[in-house]
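Report on the structure
Listed below are the residues making up each chain.
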Amino acid sequence: MKKVKYRHSAARLLFLSFSFFISFSTLVMAQQDSELAKGEQQGTSERQGDVAGPEEASVEATPEDGDAAAGKALFNSLCAACHKLDGNSIGPPLRGVAERRENDWLHSWISNSAAMIAAGDETAVEIYNEYNQTAMPPFPQLSDEDIDNILAYTSQPKAVPQEQQAGGGEGAAAGGGGGVSTDIILGILAFVLLMLLAILFLVNRTLRRFATASGVQLPEKPKRTPIWKSFVENQFLVLTSAVVLLLVGAYFFYGFVMQVGVDQGYQPIQPIHFSHKIHAGDNQIECKFCHSSARVSKTSGIPSLNVCMNCHKSIGEVADDTATDEYSKEFYDGEIAKLYDAVGWDPASQSYTGETEPVKWVRIHNLPDFAYFNHSQHVEVGGIACQTCHGPVEEMEIMYQNAPLTMGWCVNCHRETNVRTAGNEYYEKVHEELSKKYEVEELTVAQMGGIECMKCHY
């Protein structure tokens, strides 16, 4: 018998290497997990001390033990139109105002600021001149308790966003190697698979050597006819496959051709992020408030930035609860800052600088030139809701084209939609005659001639 030398050396080296690698990786991961756990415990205790603070701090922050919750309701109803807690608006920021001014002075100022200015109070006159001599309305209806409640609300420390609170823990996790541990696990799994393949290959080769050395005849695999050759020799399969390929190709070609010029689902990124969900959904702003020309014009028009500034002149940042997992408060505030840069608005001085920049909006809904569509005819005369064509706009964070806007889509709508004739004298006689002709009580747009070629093509 032929002797096979060193047949176990390669497998033995691979096994020892694999055992050493597993042991070393386990020790490293255990050490990282213990360090990560310590870091999370320290970060949690630090965040609890920094963010929450001692209970005594919140008590000291409220002047004269005012009710901050009641003060918030009064602030939102009476003060929020002209003041922000942080940042200039029509008036100065009010967070911490109780620490900057005396309590008696604040009571007098809130009750009747004009009287203090007329009396020549230096501080009152200075504030009046600093903010473009904009008079603050008097609030004689507020009692001393109401004013203390408002001051208690403005004295509360600025809330730390949850993202920043969690940032310490996430940072510690990242620093402690949370991501590295995952990479190590994946690396170990890949290494194990490679080792198994290598071991199987070595075992197979060793067994073949044993068989050869022992004089064992290994069976040889019979040669098979290649599958492509068998397929070519079968004329029925060739003919059937050709027919199927032609039908499938024709189907996909027809589908591709019919989608030329159809931009359904088109969702471009605009230069300034405008959330229809926040404006039309959360705040319930009517579509025609911004797109006012839809009532009287062929097109709905792009709102002027002056329309945006009607509100955002006083709204320089969004509320904390507006932020989502995808879009943070800082992101929305940054988009409002882009609006200010475009119109040349300086929020610090509450004035226009005169330096403007054009906003290059990307058009989403676009009909071909040979198709005529009039917004006022549909919106004002037909009473069609904007969502009928544009989809659930109030739910769209980023606007997209909801409908295909194809000829077939428009024709089907004309066939299914009844003409609104109530209260419209123009349709009374026409409706009476056509109702007799079609023997119906309600007329569709198609029955009124809405699918004639010259209605939309001219």
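Just so it is clear, the structure is predicted and the values come from calculations on it, not from any experiment. (Residues numbered from 1 in each chain as written. Predicted model: local features only at pLDDT ≥ 70, side-chain atom pairs only at ≥ 80, totals over all residues. Heavy atoms only, no water.)

Between helix H3 (residues 68–79) and helix H8 (residues 144–154), whose axes approach to 7 Å, the crossing angle comes to 95°. In this view, H3 runs roughly perpendicular relative to H8, as classed from their interaxial angle. When H3 is examined against H8, the residues Ala68, Ala70, Gly71, Lys72, Leu74, Phe75 and Cys79 are found in contact with a partner set consisting of Asp146, Asn149, Ile150, Ala152, Tyr153 and Thr154. (Axes fitted to C-alpha atoms, helices over the stretch in contact; angles between N-to-C directions. Helix = DSSP H or I, 4+ residues; strand = E, 2+ residues; numbered from the N terminus. Parallel < 35°, antiparallel > 145°, perpendicular 65-115°, else oblique. Contact = heavy atoms within 4.5 Å.)

Let us look at unusual backbone geometry. Its identity is not glycine, yet Leu405 carries a phi of approximately 60°, on the positive side. One non-glycine residue, Glu439, lies in the positive phi region at around 55°.

Here we come to the environment of Ser214. Tracing the backbone through its elements, the reader meets Ser214 in the loop between helix H10 (178–213) and helix H11 (227–233). Owing to a relative accessible area of 42%, Ser214 belongs among the partly exposed residues under this scheme. At 2.8 Å, the side chain of Ser214 forms a polar contact with the backbone oxygen of Phe210. (Buried < 20%, exposed > 50% of the residue type's maximum accessible area, 1.4 Å probe, protein only. Polar contact = N/O pair within 3.5 Å; in protein donor to acceptor, adjacent residues only side chain to side chain.)

Within the largest apolar cluster, 20 residues are counted, with the highest numbers of intra-cluster contacts made by Phe75, Trp105, Trp109, Ile110 and Leu142. Mapped by element, the contributors of at least two residues to this core are H3, helix H5 (103–111), helix H7 (122–130) and H8. Beyond its immediate chain neighbours, meaning those up to four positions away, Trp105 contacts Met116, Asp121, Thr123, Ala124 and Ile127. In terms of nonpolar packing, the next biggest core, distinct from the first, is built from 13 residues, Tyr332, Ile336, Tyr340 and Val343 among them. (Core = buried A, V, L, I, M, F, W, Y, C linked by side-chain atoms within 4.5 Å.)

Of the volumes computed, that of the second largest pocket is approximately 580 Å³. Looking at the second largest pocket, it is lined by 29 residues, and the ones nearest its centre are His83, Pro92, Leu94, Trp109 and Met136. Those elements giving two or more residues to the lining of the second largest pocket turn out to be H3, helix H4 (97–100), H5, H7 and H8. The biggest single contributor to the lining of the second largest pocket is H5, with four residues. A class-by-class count of the residues in the lining of the second largest pocket yields 22 nonpolar, four polar and three charged. (1 Å grid on protein atoms, 1.4 Å probe; cavity = no way out; pocket = protein on both sides within 12 Å on 5 of 7 lines; lining within 4 Å. Points joined across faces, edges and corners; volume = space filled by probe spheres on them. Nonpolar A, V, L, I, M, F, W, Y, C, P; charged D, E, K, R; others polar.)

Under the defined criterion, the tally for this structure stands at seven aromatic pairs. Ring plane angle 10° and centroid distance 5.4 Å describe the contact between Trp105 and Trp109, whose orientation is recorded as stacked. Residue Trp105 and its partner Trp109 are located together in helix H5, separated by four residues, close to a single helical turn. With 5.8 Å between their ring centres and 65° between their planes, Phe331 and Tyr332 make a pair best called edge-to-face. The class of Phe331 is partly exposed, set by a relative accessible area of 30%. For Tyr332, a relative accessible area of 6% puts it in the buried group. Members of the aromatic cluster, joined through ring pairs, are Tyr327, Phe331 and Tyr332. The cationic tip of Arg101 hangs over the ring face of Trp105; the distance from NZ or CZ to the ring centre is 5.7 Å. (Phe/Tyr/Trp six-rings, centres within 6.5 Å; stacked < 30°, edge-to-face > 60°. Lys NZ or Arg CZ within 6 Å of the ring centre and 35° of its normal.)

Our next topic: the pattern of salt bridges. Oppositely charged side chains may form a pair once their charged atoms are brought near each other. The final tally for this structure, using the stated rule, is six salt bridges. Linking Glu286 and Lys288 is a salt bridge whose minimum nitrogen-to-oxygen distance equals 3.5 Å. Salt bridges sharing common partners tie together Glu317, Lys329 and Asp333. (Salt bridge = Lys/Arg side-chain N within 4 Å of Asp/Glu carboxyl O.)

Turning to helix H16 (residues 329–343), a few remarks are in order. Spanning 15 residues, H16 covers 22 Å between terminal C-alpha atoms, matching the ideal 21 Å at 1.5 Å per step. Buried within H16 we find Lys329, Tyr332, Asp333, Glu335, Ile336, Leu339, Tyr340, Ala342 and Val343. Looking at the buried positions of H16, the neighbouring elements they touch are helix H13 (276–282), helix H15 (305–312), strand E1 (345–346) and strand E2 (351–352). Directly beyond the C-terminal end of H16, a positive phi value near 75° is found at Gly344. (Expected span 1.5 Å × (residues − 1).)

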